[in-house]
Amino acid sequence: AAHDGAADHGALIRARVRCILTDAGHEARTAADAAQALALLQPEEPVDILFTDINLGDDKPNGLALASEAVQMRKGLKLIYTTGAVLTDGMPEFA
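Visitor: I'm lost on the overall build of the protein in this one. Help?
Guide: Secondary structure assignment for the protein yields three helices and four strands. Along its sequence from the N terminus, the protein presents helices and strands in the succession β-α-β-α-β-α-β. Counting only residues that meet the buried cut, the protein has 35% of its 95 residues in that class. Sequence-distant contacts in the protein: of pairs separated by 6 or more residues, those separated by 24 or more amount to 64%. Summed over its atoms, the accessible surface of the protein is roughly 5600 Å², and 55% of this surface lies on carbon and sulfur atoms.

Given below as structure tokens:
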């Protein structure tokens, strides 16, 4: 099973995403903010994919900054972005 992390500011959304991932056979952990998500990425914790909302509410860093920091910590980490916002310009590519 893949190990996935999900960061989103809405508790109901986090719970739903976790349920979907678990039902699909993945081990999923969730984080309420960027700091919690980064803690899940510590070397001893297996994480294959980071699923994040681009807009993490008032949290700093936002989902884009979180993803940027995450791939610096974990080379090869796969990213999935989501957002309820209309604008997604400026989403960088992490190669």
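Having seen the structure, we can now continue with the description.
Visitor: Before we go on, may I ask you to explain the nonpolar core in this structure?
Guide: Generally speaking, a soluble globular protein has its nonpolar side chains buried in company with each other. By size, the foremost hydrophobic cluster in this structure holds 13 residues, and its most contacted members are L41, L50, L66, A70 and L77. Only α2 (34-40) and α3 (63-73) provide two or more residues apiece to this core. If near-sequence neighbours (up to four positions away) are discounted, A70 is found in contact with L38, L41, L50 and L77.

Visitor: How should helix α1 (residues 11-23) be read in this particular structure?
Guide: Every α-helix winds through 3.6 residues per turn, so residues three or four apart in the chain are directed the same way. Taking 1.5 Å per residue, 13 residues should reach 18 Å; α1 reaches 18 Å between its end C-alpha atoms and fits that length. Among the residues of α1, R14, V17 and L21 are the ones counted as buried. Mapping the buried residues of α1 onto a view down its axis gives an arc of 70 degrees, with all of them on the same face. Among the exposed residues of α1, those pointing more than 90 degrees away from its buried face are L12, R16 and D23. Once α1 finishes, G25 follows within two positions and takes phi at roughly 95 degrees, a positive value.

Reading the values: the criteria
- Residues numbered from 1 in each chain as written.
- Predicted model: local features only at pLDDT ≥ 70, side-chain atom pairs only at ≥ 80, totals over all residues.
- Heavy atoms only, no water.
- Helix = DSSP H or I, 4+ residues; strand = E, 2+ residues; numbered from the N terminus.
- Buried < 20%, exposed > 50% of the residue type's maximum accessible area, 1.4 Å probe, protein only.
- Contact = heavy atoms within 4.5 Å.
- Areas by Shrake-Rupley, 256 points an atom, 1.4 Å probe, with all protein chains shown as cover.
- Core = buried A, V, L, I, M, F, W, Y, C linked by side-chain atoms within 4.5 Å.
- Expected span 1.5 Å × (residues − 1).
- Arc of directions from axis to C-beta.

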